[in-house]
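One letter stands for each residue in the lines below.
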Amino acid sequence: MPGMPNRSAEGRLVAEQTRVIYIYSLLSFLSLGVFGSLQILVEGNPWLGALELAGGFVAVLVMLGLRISRNVVLARNMLLLCILTFLIVMIATGGTAGTGIFWLFLFPVSAFFLAGKKGGLFWMAALIIAVIIFMILQAVSLVTIPYSFITLRQMLFTLLVITVGIYVYQQSRENMANETIKSQEASEEEKLKAETIIENIDEGVVGLNATGSIVMASRAAEHLLGWGPGGLIGKNFFEAVPMVDERGKIVKNIDRPMWLSLKEKQITKRPATYLRNDKTPLPVDITSKAIIIDGKVHGAIATFRDITEETAIDRAKSEFVTLASHQLRTPISAIAWMSELLLHGDAGKLKTDQADYIQQIYHSNKRMAALVDAMLTTSSLELGSLSIRPEPIDIPKVCRQILVQRLDALPADKVLHIKEHYDPSLPEISLDPNVVKTILQNLIANAFKYTNNNGAVTITIKQTNNDISGDSLLIEVADTGLGIPSNEQGKIFTKLFRAKNIKHKDTDGTGLGLYIVKTIAEYVGGKIWFTSEENKGSTFSVLLPLAEAQKKEETA
Ligand code: ADP
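Below is a short write-up of the structure. (Residues numbered from 1 in each chain as written. Predicted model: local features only at pLDDT ≥ 70, side-chain atom pairs only at ≥ 80, totals over all residues. Heavy atoms only, no water.)

1. A few points about the overall build of the protein chain
Here is step 1 of the chain: A tally of helices and strands in the protein chain yields 15 helices and 13 strands.
Here is step 2 of the chain: For a compact globule of 556 residues, the expected C-alpha radius of gyration is about 24 Å, and the protein chain comes in at 46 Å, more than 25% above that figure.
Here is step 3 of the chain: Projected onto its principal axes, the C-alpha coordinates of the protein chain cover approximately 155 × 45 × 45 Å.
Here is step 4 of the chain: The buried share of the protein chain, taken over its 556 residues, is 39%.
Here is step 5 of the chain: Contacts in the protein chain between residues at least 24 apart in sequence constitute 61% of all its contacts with a sequence separation of at least 6.
Here is step 6 of the chain: Split by element, the accessible area of the protein chain, about 31,500 Å² in all, is 61% carbon and sulfur.
Here is step 7 of the chain: Computed over 55 positive and 55 negative side-chain charges, the inter-centroid distance for the protein chain is 4 Å. (Helix = DSSP H or I, 4+ residues; strand = E, 2+ residues; numbered from the N terminus. Rg over C-alpha atoms; globule rule 2.2 N^0.38 Å. Buried < 20%, exposed > 50% of the residue type's maximum accessible area, 1.4 Å probe, protein only. Contact = heavy atoms within 4.5 Å. Areas by Shrake-Rupley, 256 points an atom, 1.4 Å probe, with all protein chains shown as cover. Lys, Arg positive; Asp, Glu negative; His and termini not counted. Charge placed at Lys NZ, Arg CZ, Asp CG, Glu CD.)

Quick look at the structure:
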């Protein structure tokens, strides 16, 4: 709040001044009492002594007055007046044996401290004028005082130097204090502005510190996640706001965008589903980023948008595609069946032209069947309705079958060199056969399609184990083919994507294969990655957690 620091500084100043006024009054009372008594009893100056005692009495009155009225301004003016009077008496009388002059040097400090810069000048002017008057009166022999003209001139000069010194010092202190207040006000204002902006953003904004505790949550974030004002602050984000996958299974911290930003400085942007405070799902689109200062991660910030409506529309689309694909399967099977009957001569011997046309119908229909199958798999994955049934499978056998099918389907003039490396210790592994088949079929089909004549395709399958993924199956399909242009590699797993370097060569593709492989691998808790260089080849790797590990995870 602008102005707050001013008020508290003023309050502190008043308290300080009150304390100093009490100390000054007390000291004045004591010293005037002692000197007054000495004047009367020892020096034989009853009038001067009485005056000094009266001064001490005024100091007591100042203390009492301040205590009762709490009026610091009145008290300090009274006190300064009292000290000034005392000093004038000192000059006029010489104080005790002419040493009273030393008390004058206390006045600038008292005046400036008690009355401030301007007030201090005023009181110093009063003292200096009083001394000058004495000097003039002495010069014209109207009065006689115990100090010589030269002593008074030197004292006046010293007082002026002290006054200027204290004034300049106070001025610079004041400037510094003002600058501090201004910069405090400016940063308060900036903070307020930033807070107001964040508060009014429609998207949820959450800020975490380096340990994952929530240090800032916008109103929209609290509202979207079902928490009251300030309810999220101080909580561990990963515990207070869980994330679930398509099947409603809790997503591990290490796979969450904010975790990846905090631990690996990643900028992530992707859809996900948070669980609200009442455990209902909230589909969101998240962008998360690490807060890095001097190369060190100090926290992370995420903005997220409610995509419930988009998700509902996507779901409706997927449901429509599922329904349409199912419906299309029946006529496609009928066409395949009828074409086969015709080709086998069940309806009489066909002429060469007729057989060619039917053959073309048969092949186009096969492509259509593959496309419909891919669409059905895609929509089932998107709806989370693909059922996973792990069973013991002989992976090398499955892989060989797929290879044989693919080699049979190769054009007669295309030769590929196939290398297979199966881990000899590979046991019968419990995995969903459809998952394994879909992955192998797509990766092998791509390697065959996008590798030129005489190229090589190498398949490696082995069991691995590490701390993060546990017991897993690693499938690697490497080829010496066309590769993927480096500027397009980021989009390779997106739906319907086909790279420029193959589009004109192969018109058959759907751009759905890799999307399906990635989605299905992640669906069962695995992952996919690749390396590729244009015109040199590509290697696609898929890591699948073994069924036992999957089961354990689900139970946990
Ligand atoms: P498609 O039906 O086009 O093969 P995919 O989803 O399987 O669809 O692959 C998407 C795109 O990725 C392909 O069109 C191709 O550009 C590229 N791609 C996939 N695998 C390979 C590979 N082994 N070599 C070169 N490019 C590949």
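Now that the structure has been shown, the text picks up again.
2. Some details on the sheet that holds strand β13 (residues 537-545)
Here is step 1 of the chain: Strand order in the open sheet formed by five strands is β8-β10-β11-β13-β12, with mixed pairing between adjacent strands. Here the strands that pair on one side only, and so sit at the sheet edges, are β8 (417-422) and β12 (527-533). The average angle at which neighbouring strand axes cross in this sheet is 15 degrees, direction not considered.
Here is step 2 of the chain: Taken together, the seven bridges between β12 and β13 define a ladder with antiparallel strand orientation. Counted as the bridge partner of K527 is L543 from β13.
Here is step 3 of the chain: The strands touched by helix α11 (residues 395-409) are β8, β10 (456-466) and β11 (470-479); relative to β8, the strand with the most contacts, the crossing angle is about 170 degrees.
Here is step 4 of the chain: Relative to the sheet, helix α12 (residues 433-449) contacts β8, β10, β11 and β13, its axis offset from that of β11 by approximately 20 degrees. (Pairing = 2+ DSSP bridges. Axes fitted to C-alpha atoms, helices over the stretch in contact; angles between N-to-C directions.)

3. Notes on the pattern of salt bridges
Here is step 1 of the chain: Under the criterion given, the structure shown has twelve salt bridges.
Here is step 2 of the chain: Of the charged contacts in the structure, one is a salt bridge between E420 and R400, with a shortest N-O distance of 3.7 Å. On the criterion of sequence distance, the pair formed by E420 in strand β8 and R400 in helix α11 is long-range, its members being 20 residues apart.
Here is step 3 of the chain: Judged by its relative accessible area of 43%, R400 is partly exposed.
Here is step 4 of the chain: For E533, the salt bridge identified is with K536, shortest N-O distance 3.4 Å.
Here is step 5 of the chain: What makes E533 partly exposed here is its relative accessible area of 45%.
Here is step 6 of the chain: One network of salt bridges, with partners in common, ties together K269, D285, R305 and E310. (Salt bridge = Lys/Arg side-chain N within 4 Å of Asp/Glu carboxyl O.)

4. With respect to the site of the ligand
Here is step 1 of the chain: Close to the ligand lie 19 residues, the nearest being N446, Y450, R498, T510 and L514.
Here is step 2 of the chain: Between the ligand and the protein, one listed contact pairs an oxygen atom with a side-chain N or O atom of N446 at 2.8 Å.
Here is step 3 of the chain: Separating an oxygen atom of the ligand from a backbone N or O atom of L514 is a distance of 2.7 Å.
Here is step 4 of the chain: Here the ligand, which alone exposes 530 Å², has 97% of that area covered by the protein.
Here is step 5 of the chain: Elements supplying a minimum of two residues to the shell around the ligand: α12, α14 (513-523) and β13. (Near = heavy atom within 4 Å. Polar contact = N/O pair within 3.5 Å; in protein donor to acceptor, adjacent residues only side chain to side chain.)

5. Details of the environment of F157
Here is step 1 of the chain: Tracing the chain through its elements places F157 in helix α5 (residues 149-200).
Here is step 2 of the chain: Residue F157 is classed as exposed on the basis of its relative accessible area of 54%.
Here is step 3 of the chain: In this structure, the C-alpha to C-alpha distance between F157 and I128, residues 29 residues apart in sequence, is 9.6 Å.

6. Observations regarding unusual backbone geometry
Here is step 1 of the chain: Although it is not a glycine, S141 adopts a positive phi angle of roughly 55 degrees.
Here is step 2 of the chain: S141 sits in the exposed class, given a relative accessible area of 60%.
Here is step 3 of the chain: With phi around 50 degrees, D294 is a residue other than glycine that occupies positive phi space.
Here is step 4 of the chain: Considering the arrangement of structural elements, one finds D294 in the loop between β5 (281-293) and β6 (296-306).
Here is step 5 of the chain: For D294, a relative accessible area of 79% gives the class exposed.

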